[in-house]
Amino acid sequence: MGLTREWYNLNTVGLPQKVINTIQSARASSTRSLYDCKWRVFEEWWLQEGHISFQCPVRVILSFLQDLIDKHRAFSTIKVYLAAIAACHVGFEGKTASQHPLVCRFMKGARRLLPVSRSLVPLWDLAVVLNGLKMTPFEPLEGADMKHLSLKTVLLLALASAKRVSDIHALSVHPSCTQFAPGQTRVLLKPNPAFTPKVVGSCTPIDIEAFPPQLVSSGEQQQDLLCPVQALHTYMDRSKELRLNDQLFVSWANPHKGKPVTKQRLSHWIVEAIALAYTSQNLQAPSGLRAHSTRGLATSWALFKGVSIQDICAAASWSSPLTFVRFYRLDISTPSVARAVPGTLLSRDSTC
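Naming follows an unreviewed UniProt entry, where the chain appears as Tyr recombinase domain-containing protein of Champsocephalus esox.

Here is the structure:
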């Protein structure tokens, strides 16, 4: 469960086991595991001096945090370490270690010394990735294996909706949650009713309109290879026989075939799809790819094509345009990318 030290501290004051379990359940299991790892780092750092870490004075905590600054750790990383220490330390005069006046002042100073910065240039080229999705091994959809069909579907859905991975993970194939319009002209996706969103209001349905068929040289019409509605319908039809529950995205590989994938695995799928779109064109995939980058890239393209910032924030579940401007807006107006605008997914009115 993680945070064994916190359990001992709560047990020392005489709390029953069930009460302690309830208190520790206030944090997600992943958070407890993360804090436990950070606490162990602090514990090893301090135990070298032969003292008890969970009762150490405030100067020791500040020295450890300063050591992190000297090692050029990011401010967000330092905050996680402090939160882990506060969870396991006995505190000072009824307050947690993070509430000590000197620690509060130290963190304010650290924020000034370590300003948060981010790159304004996209890490990967949307036009390159979308062009790769129209090639082997992603196409043709009917002949692609379940792995590549799943990768393409989740990436197109992430770009078309600009939702968090956790929101996409909560989608369900149940008829009450996934509804295709006649002729597959659009699809309405709703999360599982049991899903608890990270941000209130992010449970809004995802409404995606299908791309109109394209005319080929012979005068015939063929389905747009980047249509998220078509990819989703094909994926649901192909995964029907192997799925073991109603979660939209399920595993294709043994021994978990048909079982729901985790949010972490879904993030890996998005990253793998982006990288594979590069390598399928004999291009080197950028390093440091993250699934969350789809949100900034998709919404920045929508803004570039004239979609209002209010509509963008509503689709991405951001309460304020300031969130988009500070953390997600990217400069996608460079000439090498702008020339490819007409062929990109987000240039289509239906997606916007």
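Examining the sheet that holds strand E2 (residues 186–189)
The strand order across the open sheet built from three strands is E1-E2-E3, with neighbouring strands paired in antiparallel fashion. Each of the sheet's edge strands pairs with one partner strand only, and the pair in question is strand E1 (178–180) and strand E3 (206–209). Neighbouring strand axes in the sheet, compared pairwise and without regard to direction, differ in orientation by 10 degrees on average. Strand direction decides the pairing type here: E1 and E2, joined by three bridges, are antiparallel. Paired with Gln179 across the two strands is Leu188, which belongs to E2. Across the sheet, helix H10 (residues 228–238) touches E1, E2 and E3, and the angle it forms with E1 is around 115 degrees.

Comments concerning the pattern of salt bridges
One pass over the full model with this rule turns up seven salt bridges. Between Asp36 and Arg40 there is a salt bridge; the shortest N-O distance is 2.9 Å. Residue Asp36 and its partner Arg40 are located together in helix H3 (residues 29–47), separated by four residues, close to a single helical turn. Classification of Asp36 by relative accessible area gives buried; the value is 11%. A salt bridge links Asp237 to Lys240; its shortest N-O distance comes to 3.8 Å. Taking relative accessible area as the criterion, Asp237 reaches 47% and is therefore assigned partly exposed. For Lys240, a relative accessible area of 55% translates into the label exposed.

Things to note about the confidence of the model for the chain
Per-residue confidence for the chain gives a mean pLDDT of 85, with 88% of residues at or over 70. Overall, residues 335–352 carries pLDDT values under 50, and its contacts beyond four positions in sequence, including any with other chains, amount to 41 contacts.

About the cut-offs
Residues numbered from 1 in each chain as written. Predicted model: local features only at pLDDT ≥ 70, side-chain atom pairs only at ≥ 80, totals over all residues. Heavy atoms only, no water. Pairing = 2+ DSSP bridges. Helix = DSSP H or I, 4+ residues; strand = E, 2+ residues; numbered from the N terminus. Axes fitted to C-alpha atoms, helices over the stretch in contact; angles between N-to-C directions. Contact = heavy atoms within 4.5 Å. Salt bridge = Lys/Arg side-chain N within 4 Å of Asp/Glu carboxyl O. Buried < 20%, exposed > 50% of the residue type's maximum accessible area, 1.4 Å probe, protein only. pLDDT = per-residue confidence, 0-100.

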